[in-house]
Amino acid sequence: MMPLVAPKTAQAMADHWSARAHRFDGAASHIRHRAEWKRVLAAALGERSLDVVDLGAGTGACALIAAELGHRVTAIDGSEGMLAHARASAAERGLSVRFVKATMDEAGLAEASADAVTLRNVLWTLENPCAALALAWRILRPGGTLLVSDGMWRKPGQEREAVEIFGVELPFYNGLTEADARALLRDAGFLDPKPWHGLFSVNPYDAYGEIPFFLLTATKPAG
């Protein structure tokens, strides 16, 4: 049996993001620096058209760009509020994306159904990030690509009272470093981690005080 990604916090997390969905894109990095994200994701995912699963899609940061790049995208998120904005953005931009309102534990994704899996700013929100990587491994085809991006979102002691209900359950509540991510990828069996954040011409989180962030890809072994 697959380990659960969020056995205690899934509903609280969905409620948290749904309550903020109406203002989330107002200062979002993927809106302010859309061209940068598109350029870097194009390099990281390559030119071949892929079956992409975006886990924790939110308002569509990765999903919409991947669709613009010509990939076939399934976007998974447990927050209906966030997905509503993603659907509206996809319709506005004439993009075909399959949106699924479900947590990672509920999604029922088929084994070996994806060429690429994306997890952007998601691992810090999870009780069991290792389980999310195990899920990505299961749904990736041999030789498939995992793309992970995250950052250090707050310093220890800066936890906000509004999220204490689930913050205490999250091992990376304050965020992840690139070293943290590399260790998780290694332990999950992924190979050849490659950094792409150096391609950004500006820090895409400059509105938040130059947040330290990373973007890595790694590979599921082909054999």
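Criteria and cut-off values
Residues numbered from 1 in each chain as written. Predicted model: local features only at pLDDT ≥ 70, side-chain atom pairs only at ≥ 80, totals over all residues. Heavy atoms only, no water. Buried < 20%, exposed > 50% of the residue type's maximum accessible area, 1.4 Å probe, protein only. Helix = DSSP H or I, 4+ residues; strand = E, 2+ residues; numbered from the N terminus. Axes fitted to C-alpha atoms, helices over the stretch in contact; angles between N-to-C directions. Parallel < 35°, antiparallel > 145°, perpendicular 65-115°, else oblique. Left-handed = near helix turned anticlockwise from the far one by under 90°. Contact = heavy atoms within 4.5 Å. Nonpolar A, V, L, I, M, F, W, Y, C, P; charged D, E, K, R; others polar. Pairing = 2+ DSSP bridges. Salt bridge = Lys/Arg side-chain N within 4 Å of Asp/Glu carboxyl O. Phe/Tyr/Trp six-rings, centres within 6.5 Å; stacked < 30°, edge-to-face > 60°. Lys NZ or Arg CZ within 6 Å of the ring centre and 35° of its normal.

A. Fine view of unusual backbone geometry. One non-glycine residue with positive phi stands out, namely Asn121, at about 55°. A residue is classified by how much of its surface remains accessible, and Asn121, at 18% relative accessible area, is buried. The phi torsion at Asp192 lies on the positive side, around 55°, for a residue other than glycine. Counting through the fold element by element, Asp192 comes out in strand E6 (residues 191–195). Overall, Asp192 belongs to the exposed group, its relative accessible area being 59%.

B. The arrangement of the packing of helix H3 (residues 34–45) against helix H4 (residues 61–68) in detail. Close contact between H3 and H4 brings their axes to 10 Å; oriented N to C, the two are set at 65°. Our classification of the angle between H3 and H4 gives roughly perpendicular. Considering only the axes of H3 and H4, their crossing is right-handed. Residues Arg34, Trp37, Lys38 and Leu41 of H3 pack against Cys62, Ile65 and Glu68 of H4. The residue makeup of the contact of H3 with H4, split by class, is four nonpolar, no polar and three charged.

C. Region of the structure containing the sheet that holds strand E4 (residues 114–120). Ordered by their spatial adjacency, seven strands build an open sheet running E3-E2-E1-E4-E5-E7-E6, and the pairing between neighbours is mixed. Every interior strand has two partners, whereas the edge strands, strand E3 (97–101) and E6, have only one. If you compare each strand with its neighbour and ignore which way they point, the axes differ by 20° on average. Pairing geometry for E4 and strand E5 (residues 140–151), over six bridges, is parallel. Its bridge partner lying in E5, Thr118 is registered against Leu147. Relative to the sheet, helix H5 (residues 80–92) contacts strand E2 (72–77) and E3, its axis offset from that of E3 by approximately 165°.

D. Layout of the pattern of salt bridges. Evaluated as defined, the whole model comprises twelve salt bridges. As a salt-bridge pair, Glu68 and Lys38 come within 3.7 Å of each other at their nearest N and O atoms. With Glu68 in helix H4 and Lys38 in helix H3, this residue pair connects regions lying 30 residues apart in the sequence. Of the residues examined, Glu68 reaches a relative accessible area of 22% and is grouped as partly exposed. For the salt bridge of Arg87 with Glu80, the shortest nitrogen-to-oxygen distance reads 2.7 Å. For Arg87, a relative accessible area of 31% corresponds to the partly exposed category. What makes Glu80 partly exposed here is its relative accessible area of 37%.

E. Region of interest: the environment of Pro195. As for its placement among the helices and strands, Pro195 is situated in strand E6. Assessed through its relative accessible area of 40%, Pro195 is described here as partly exposed. Remark: the alpha-carbon pair of Pro195 and Val148, spanning 47 residues in sequence, is separated by 9.8 Å.

F. Layout of the packing of aromatic side chains. The full count for this structure, using the stated rule, is eight aromatic pairs. Seen in terms of ring centroids, Trp137 and Phe190 are 5.2 Å apart; in terms of plane orientation they differ by 75°. Their pairing is edge-to-face. Of this pair, Trp137 sits in helix H6 (residues 129–139) while Phe190 is found in the loop between helix H8 (178–188) and E6, placing the two residues 53 residues apart along the sequence. Under the relative-accessibility criterion, Phe190 is labelled buried at 5%. Here the aromatic cluster, defined as three or more aromatic residues joined through ring pairs, consists of Trp37, Trp153, Phe200, Tyr205 and Phe213. Stacked on the ring of Trp124, the Lys or Arg Arg154 has its end atom at 5.0 Å from the ring centre. Over the ring of Tyr173 we find Arg154, and its NZ or CZ is 4.4 Å from the ring centre.

Such coordinate-based values are descriptive only and should not be taken to indicate function.
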